[in-house]
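What follows is the residue order along each chain.
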Amino acid sequence: MSDYASHRESDGHAGPGYGTYVAVWAVLLALTALLVLLSRFGQRAAVAGLLTITPVKAALVFYYFMHLRYERALLKGVLIVTLGTLLIFFGLTYADVAFR
Amino acid sequence: MNAPAHGEHHDPFAAKLGMWLFLVTEILLFGGLFIAYSYMRARYPHEFHHAGGSLSIPIGVANTAVLLTSSLTMVLAVAAAHRGNLKRSLLLTWSTVALGGLFLVNKGFEWAAKFHHGVYPNSDHMASLPAGERVFFGLYFSMTGLHAAHVIAGMAVLSVLAILIAKGRIGARNPVVLENGGLYWHLVDVVWIYLLPLFYLAA
């Protein structure tokens with residue numbers, strides 16, 4: 001039995017039920033509706049929605065649909081290092097632009 | 001058995017790790033464009049606002065719903081394969097492909113409308129627009145175009161996987177190829193989750 005298989009079996013071999021996924025999908029649609037609603041209140045609200053609701057939606061897809069919730073730390077680490085790297089790129093770009 | 005027995009080449013965790021390593025390069029590919037977008041938006045806020053107003057929010061939101069639903073059918077296809085319900089898995093995988101097609105049809109109408117108004121890369125009308133609006137549409141076409149190319153690639157991958165399910169090569173004992181195809185599809189969905197507010201809502 002490989003680590004991976006035993007790990008999966010300890011989580012219940014089949015993973016979460018259909019209902020969990022349908023619920024996540026419903027939440028994703030609701031958050032989309034909220035985002036659209038928010039953007040009707042002008043630019044600031046739209047940008048606030050972009051910076052808060054959108055990452056939550058992405059996290060739900062990563063966590064449930066892409067199964068990260070049920071994966072080992074290594075896979076989570078790969079994603080976190082990547083997102084951290086991207087954030088550093090964002091930061092360095094803005095540091096450059098701000099001091100021109 | 002920590003190491004698979006000789007002659008048996010299944011290591012599902014390694015397969016998944018390999019897929020994730022590929023996916024993070026995709027994240028950085030789109031990430032570079034997101035950085036370009038945010039810098040340009042900070043530089044040309046009014047032009048982005050004006051140009052963004054010409055995109056149809058209902059079409060963008062409808063396409064979001066289509067893609068989110070396709071992610072649901074995808075994840076359910078994987079869950080069905082885990083349970084050995086291959087008929088259901090096959091149906092759900094083809095549904096995912098069909099929803100991807102619907103997304104592209106909507107996108108096609110949207111692009112066609114823009115072309116009809118003379119808005120396409122290197123057009124005379126584009127040349128007459130202010131620099132900031134040219135940048136906006138340049139980013140719009142390259143980012144949604146690159147995303148659409150990923151949707152097409154995803155549909156091709158999922159079609160092959162559907163055939164493998166039908167042939168009995170994917171099932172409860174060996175679902176990892178389908179899982180990996182699903183991971184790709186979900187990542188394409190995540191990219192669109194960001195594109196909707198960037199171009200349609202918060203420009």
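The rules behind each value
Residues numbered from 1 in each chain as written. Chains lettered and ligands numbered in written order. Predicted model: local features only at pLDDT ≥ 70, side-chain atom pairs only at ≥ 80, totals over all residues. Helix = DSSP H or I, 4+ residues; strand = E, 2+ residues; numbered from the N terminus. Buried ≥ 20, exposed ≤ 12 C-beta atoms within 10 Å, placed from the backbone. Contact = placed C-beta atoms within 7 Å. Axes fitted to C-alpha atoms, helices over the stretch in contact; angles between N-to-C directions. Parallel < 35°, antiparallel > 145°, perpendicular 65-115°, else oblique. Left-handed = near helix turned anticlockwise from the far one by under 90°. Nonpolar A, V, L, I, M, F, W, Y, C, P; charged D, E, K, R; others polar. pLDDT = per-residue confidence, 0-100. Core = buried A, V, L, I, M, F, W, Y, C linked by C-beta atoms within 7 Å. Expected span 1.5 Å × (residues − 1).

1. Here we look at the overall build of chain B
Secondary structure summary: chain B contains seven helices and zero strands in total. For chain B, the succession of helices and strands along the chain, N to C, is α-α-α-α-α-α-α. Each of the three principal axes of chain B carries a C-alpha extent, and together these read 65 × 30 × 25 Å. With 203 residues in all, chain B has 42% of them scored as buried. Contacts in chain B between residues at least 24 apart in sequence constitute 78% of all its contacts with a sequence separation of at least 6.

2. Remarks on the packing of helix 4 (residues 73-98) of chain A against helix 1 (residues 12-43) of chain B
Between helix 4 of chain A and helix 1 of chain B, whose axes approach to 10 Å, the crossing angle comes to 20°. In this view, helix 4 of chain A runs roughly parallel relative to helix 1 of chain B, as classed from their interaxial angle. The crossing of helix 4 of chain A and helix 1 of chain B is right-handed. Two secondary-structure elements touch here, helix 4 of chain A through Leu-74, Leu-75, Val-78, Leu-79, Thr-82, Leu-86, Phe-89, Phe-90, Thr-93 and Val-97 of chain A and helix 1 of chain B through Lys-16, Leu-17, Trp-20, Leu-21, Val-24, Ile-27, Leu-28, Gly-31, Ile-35 and Tyr-39 of chain B. Residues that form the contact of helix 4 of chain A with helix 1 of chain B fall into these classes: 16 nonpolar, three polar and one charged.

3. Some points on the interface of chain B and chain A
Taken residue by residue, the interface counts 37 residues in chain B and 37 residues in chain A. Elements supplying a minimum of two residues to the side of chain B that touches chain A: helix 1, helix 3 (57-82) and helix 7 (176-201) of chain B. Among the elements that line the side of chain B that touches chain A, the one with the most residues is helix 1 of chain B, at twelve residues. Grouping the constituent residues of the side of chain B that touches chain A by class yields 27 nonpolar, seven polar and three charged.

4. A few points about unusual backbone geometry
Its identity is not glycine, yet His-67 of chain A carries a phi of approximately 75°, on the positive side. His-67 of chain A sits in the buried class, given 21 other C-beta atoms within 10 Å. Residue Asn-122 of chain B is not a glycine yet carries a positive backbone phi of 75°. Secondary-structure assignment places Asn-122 of chain B in the loop between helix 4 (86-116) and helix 5 (124-128). We classify Asn-122 of chain B as exposed; it has 7 C-beta atoms within 10 Å.

5. Remarks on the confidence of the model for chain A
Residues and elements named next belong to chain A. In this model, chain A carries a mean pLDDT of 86, and residues with pLDDT of at least 70 account for 86%. No element of chain A has a lower mean pLDDT than helix 1 (residues 3-10), which averages 43, and none a higher one than helix 2 (residues 18-39), which averages 96. Low pLDDT, under 50, characterises residues 1-12; the stretch is placed with twelve contacts to residues that sit more than four places away or in other chains.

6. Let's talk about the nonpolar core
Membership of the largest hydrophobic core comes to 71 residues, with the highest contact counts inside it found for Tyr-21 of chain A together with Val-75, Leu-76, Ala-77, Phe-136, Val-191 and Leu-195 of chain B. Of all the elements in the fold, those that place two or more residues in this core are helix 2 and helix 3 (43-65) of chain A together with helix 1, helix 2 (45-52), helix 3, helix 4, helix 6 (131-166) and helix 7 of chain B. If you tally residues by element for this core, the top one is helix 7 of chain B, at 17 residues. In this view, Val-75 of chain B contacts Tyr-21 and Phe-65 of chain A together with Gly-182 of chain B; residues no more than four positions away in its chain are not counted.

7. Concerning the packing of helix 4 of chain B against helix 6 of chain B
The axes of two packed helices give the description: the angle between them and the distance between them. All names here are of chain B. Look at helix 4 against helix 6: their axes get within 9 Å of each other, and the N-to-C directions meet at 160°. Judged by the inter-axis angle, helix 4 sits roughly antiparallel to helix 6. Helix 6 is crossed by helix 4, and the crossing has left-handed handedness. Note on element contacts: helix 6 touches helix 4 through Thr-144, Ala-148, Val-151, Gly-154, Met-155, Leu-158, Ser-159, Leu-161, Ala-162, Ile-165 and Ala-166, opposite Leu-86, Ser-89, Leu-90, Thr-93, Trp-94, Thr-96, Val-97, Gly-100, Gly-101, Phe-103, Leu-104 and Lys-107. Of the residues assigned to the contact of helix 4 with helix 6, the class counts are 14 nonpolar, eight polar and one charged.

8. Things to note about the environment of Leu-178 of chain B
Here Leu-178 of chain B is to be found in helix 7. Contacts of Leu-178 of chain B, omitting those with residues within four sequence positions, involve Ala-77, Val-78, Ala-81, Leu-161 and Ile-170 of chain B.

9. Brief notes about the environment of Tyr-21 of chain A
Tracing the backbone shows Tyr-21 of chain A in helix 2. For Tyr-21 of chain A, a count of 21 C-beta atoms within 10 Å corresponds to the buried category. C-alpha separation for the pair Tyr-21 of chain A and Phe-65 of chain A, spaced 44 residues apart in sequence, amounts to 7.2 Å. Among residues more than four places away in sequence, those in contact with Tyr-21 of chain A are Pro-16 and Tyr-64 of chain A together with Leu-72, Val-75, Leu-76 and Ala-79 of chain B.

10. A few points about helix 6 of chain B
End to end, helix 6 of chain B covers 52 Å across 36 residues, agreeing with the expected 52 Å (1.5 Å per residue, within 8%). In the segment just after helix 6 of chain B, Gly-168 of chain B is the residue with positive phi, at about 80°.

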